[in-house]
Amino acid sequence: MDPDPSPNQFRELMVDEAPSFADVLACVFGVQHHESETYLTLLDNPGTTVAELAEVVDRDRSNVNRSLSTLREKGLAERRRRLLDGGGHVYQYTATPLDEAKGMMHETLDEWSAYVHDRIDEYGE
């Protein structure tokens, strides 16, 4: 994870009195809010195809596909190929388990905190 996330994202998160889990997820991983919502929806719908997920979140398939690509890059989703009986294949997506994602969030925040502390300590030297 990148230990230097956008200060504006953290500032917005700290100003909000009660950020949702999706808000925190978006901030920590540097993803769009709709991508964090896609992750949460995927948690409840493991093994979902792009078309199925697009229907659930009521978004265009191409947008959902981009969200899934981002989530995979961030380690928040995985893709498996399933062969179809009539030939061909389809990809099914599953969210990274919530406990694992929370651990990644804690690790990222710890790294960012250490980064900020180093910047503070370096100031004026």
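Residues numbered from 1 in each chain as written. Predicted model: local features only at pLDDT ≥ 70, side-chain atom pairs only at ≥ 80, totals over all residues. Heavy atoms only, no water.

Engineer: Tell me about helix α4 (residues 50–57), residues and numbers included.
Structural biologist: For an α-helix, the turn length of 3.6 residues means that residues three or four places apart are oriented alike. Those residues of α4 not exposed but buried are Val50, Leu53 and Ala54. Considered in projection along α4, the buried side chains sweep an arc of 105 degrees and stay on one side of the axis. Exposed residues on α4 whose side chains face more than 90 degrees from its buried face are Glu55 and Val56. Residues of α4 that are buried make contact with α3 (33–44), α5 (61–73) and β2 (89–95). Trailing α4 by a residue or two, Asp58 shows a phi angle of about 55 degrees, which is positive. (Buried < 20%, exposed > 50% of the residue type's maximum accessible area, 1.4 Å probe, protein only. Helix = DSSP H or I, 4+ residues; strand = E, 2+ residues; numbered from the N terminus. Arc of directions from axis to C-beta. Contact = heavy atoms within 4.5 Å.)

Engineer: Pulling in residues and values, what's your account of the pattern of salt bridges?
Structural biologist: Counted according to the given criterion, the structure contains two salt bridges. Salt-bridge contacts for Glu78 lead to Arg80; the nearest nitrogen and oxygen are separated by 2.9 Å. For Glu78, a relative accessible area of 36% gives the class partly exposed. For Arg80, a relative accessible area of 55% corresponds to the exposed category. Residue Glu122 pairs with Arg119 through a salt bridge whose shortest N-O separation is 2.9 Å. A residue pair is termed a helical-turn pair when its members lie 3 or 4 positions apart in one helix, as Glu122 and Arg119 do in helix α6 (residues 98–122) at three residues. For Glu122, a relative accessible area of 43% puts it in the partly exposed group. (Salt bridge = Lys/Arg side-chain N within 4 Å of Asp/Glu carboxyl O.)

Engineer: Before we move on, could you go through unusual backbone geometry and cite the residues and values that matter?
Structural biologist: Residue Asp58 is not a glycine yet carries a positive backbone phi of 55 degrees. Within the secondary structure, Asp58 is located in the loop between α4 and α5.

Engineer: Please provide a residue-by-residue account of the nonpolar core, values included.
Structural biologist: Counting 20 residues, the largest nonpolar core has Phe29, Tyr39, Leu42, Leu68 and Leu76 as the members making the most contacts within it. Secondary-structure elements contributing two or more residues to this core are α2 (21–29), α3, α4, α5, β2 and α6. Considering each element in turn, this core owes the most residues, four residues, to α2. Apart from residues no more than four positions distant in its own chain, Leu42 is found in contact with Thr48, Leu53, Leu68, Ala77, Tyr93, Thr94 and Ala95. (Core = buried A, V, L, I, M, F, W, Y, C linked by side-chain atoms within 4.5 Å.)

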